[in-house]
Each structure stands twice: as C-alpha cells, then as structure tokens.
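# A closer look at the structure
The lines below spell out each chain.
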Amino acid sequence: MEMTAAEIDFDICNVLDGVLLFEDSLQTDAWKKSKKSITGVIENFFKQCLEAHPDDPDGAVFGNPGSDCQTFQLQIYKTTSMTDGLSVAFTIKHKDEKYYMCCTEDMKLYFKKGDCPDVIAGNSSEIIFFQKEFSEGDSFFKFQSSLQAEYYLSVSDEGGKQKLILQKYEGLNERQRFNIEW
C-alpha cells in the first residue's frame, strides 16, 4: 500500500531521495482498535466474578460465586509490534455509562469514563493488557500490563475482599489465572 506525503508522520521519519528513513531510537509501536472484541464474565481461580466499581477506590473486586456477574467486553487492538499475547482493553457498562480499565505507574487500577481510544501511540499504554495462555495447553488466561511489563493482573485478599491488582510475575501463580465465560 502506497502512502502519500500527507499521510506520513514526519516526526518519526525523514525522506531522503524518495526513501522513508525511520529513526532507530524511536521504535514506536501503536495500537489500533479492532472491530472484534471478546464478551464474557471474568472469573478468578475461586470462580468469583470480576465486578467493576468505577465510583469506589477499590475499582475492581471479585464477588461471591453465584452472585450477579457483570459482563466485560475485552476490546481487541491490532498492534504494530510482535507480542506473544492478544492486545486487549477491559471495558464495562456500569449504570448506563461506558468505562475502561486503566493502570497507573504506581500499579493502581481504576476505571475511566468513556470509550477506549481508537488509536494508541507509543510503546506502552495504561489501558492495554496482553492476554496470554496461563500455561501451555490451558484454557485459562493471564493478563500482562503493557505499561508495567513485569506485572500481571492478580487477585489480592485485602480486608476480606478479593481485589484485582497488578502483581510482579514470579512464575506461575494461581492468583494470576483467569477464566472468561463466554
């Protein structure tokens, strides 16, 4: 596919004798929202359902088995880089409003009101998680943060609540194992 000069981002490349020269130091990745998504209930290893509470500082907790379960949509993103997982963003409808899950530099998870962006530039994103097979041949998943590459979504028991947190990966950990009920 040929691109016109108007379509080229000259901040990341130069043109010399009609040849695009990309600057080595940038190595910029990008994600583009796909028309595809995965919709389902997300369960932890205790078979508790993930619940979004955008107005609560806890953000995301796991309810008791058999409780009313919220349905999440994992928005799939196409990426320009090679990853060993599917790039997804967690989205939910809560009280007739759309939200998407974000993480911060200090490993906090929260929900932001609105739709996921159509395009995300850069090497990392606060909303992108890499959905990966939990272990070879397993039907369960783990989710790696693109913002904090060594950290995965995990379950933490805090004050009797099972909270969704980011935890450093240190080998297979059942608390980082999730199921998606379609």
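Residues numbered from 1 in each chain as written. Predicted model: local features only at pLDDT ≥ 70, side-chain atom pairs only at ≥ 80, totals over all residues. Heavy atoms only, no water.

Looking now at the environment of S145. By the secondary structure assignment, S145 is in strand β12 (residues 141-145). When its relative accessible area of 0% is taken as the criterion, S145 is described as buried. Taking C-alpha positions, S145 is 9.7 Å from Q167, a pair spaced 22 residues apart along the chain. In this structure, S145 is in contact with C103, I128, F129, Y151 and L166, ignoring residues within four places of it in sequence. Within the structure, S145 has its side chain in polar contact with the backbone nitrogen of Q148 (distance 3.0 Å). (Helix = DSSP H or I, 4+ residues; strand = E, 2+ residues; numbered from the N terminus. Buried < 20%, exposed > 50% of the residue type's maximum accessible area, 1.4 Å probe, protein only. Contact = heavy atoms within 4.5 Å. Polar contact = N/O pair within 3.5 Å; in protein donor to acceptor, adjacent residues only side chain to side chain.)

Another aspect to go through is empty space enclosed by the protein. Empty space among the atoms becomes apparent when a probe as large as a water molecule is rolled across them. Within the structure shown, the criterion is met by one cavity of 30 Å³ or more. Along its surface, the largest cavity is lined by I42, L50, F62, F90, F143, L153, L164 and F178. (1 Å grid on protein atoms, 1.4 Å probe; cavity = no way out; pocket = protein on both sides within 12 Å on 5 of 7 lines; lining within 4 Å. Points joined across faces, edges and corners; volume = space filled by probe spheres on them.)

The next subject is the pattern of salt bridges. Considering all chains together, one arrives at nine salt bridges under this definition. Here D58 makes a salt bridge to K163, at a shortest N to O gap of 3.3 Å. Pair noted here: D58 is in the loop between β4 (50-53) and β5 (59-62) and K163 is in strand β14 (residues 161-168), with a separation of 105 residues, a long-range link. There is no split in this pair, since D58 and K163 are both buried. (Salt bridge = Lys/Arg side-chain N within 4 Å of Asp/Glu carboxyl O.)

Two cysteines whose sulfur atoms are joined by a covalent bond form what is called a disulfide. Enumeration according to the criterion identifies one disulfide in this entry. There is a disulfide in this structure between C49 and C69, and the S-S distance comes to 2.0 Å. Taking the sign of the torsion about the S-S bond as the criterion, the disulfide between C49 and C69, at about 50°, is right-handed. Taken together, the residues C49 in the loop between β3 (30-43) and β4 and C69 in the loop between β5 and β6 (72-79) connect sequence positions 20 residues apart. Here C102 stays free of any disulfide, with the sulfur of C103 as its closest cysteine sulfur at 7.7 Å. (Disulfide = S-S within 2.5 Å.)

With that settled, the discussion passes to the side chain of E51. Within the secondary structure, E51 is located in strand β4. For the buried E51, which has no salt bridge, the nearest side chain bearing the opposite charge is K161, at an N-O separation of 8.8 Å. At 3.1 Å, the side chain of E51 and the side chain of H53 are in polar contact. (Lys, Arg positive; Asp, Glu negative; His and termini not counted.)

On the surface, K32, K35, K36 and K78 cluster together into a patch of positive charge. Here the positive patch takes three residues from β3, the largest share from any one element. Tracing the backbone through its elements, the reader meets K36 in strand β3. You can call K36 exposed: its relative accessible area is 60%. (Patch = residues over 30% accessible without salt bridge, like charges linked within 9 Å, V, L, I, M, F, W, Y side chains within 5 Å. Areas by Shrake-Rupley, 256 points an atom, 1.4 Å probe, with all protein chains shown as cover. Charge placed at Lys NZ, Arg CZ, Asp CG, Glu CD.)

Another point: the pairing of strand β8 (residues 97-103). Along β8, five of the seven residues are buried, which leaves the element largely enclosed by surrounding structure. The pairing of strand β7 (residues 86-94) with β8 spans four bridges and is classified as antiparallel. Its bridge partner lying in β8, K93 is registered against K98. Taking the residues that link successive antiparallel strands as the turn, the β7-β8 hairpin has two residues, and the phi of K95 there is positive, at about 50°. One ladder, built from five bridges, connects β8 with strand β9 (residues 109-113); its direction is antiparallel. The residue bridging Y99 from the neighbouring strand is K113, located in β9. Counting the residues in the hairpin turn of β8 and β9 gives five residues, including M107, whose phi is positive at 70°. (Pairing = 2+ DSSP bridges.)

Purely geometric numbers; function is a separate question.
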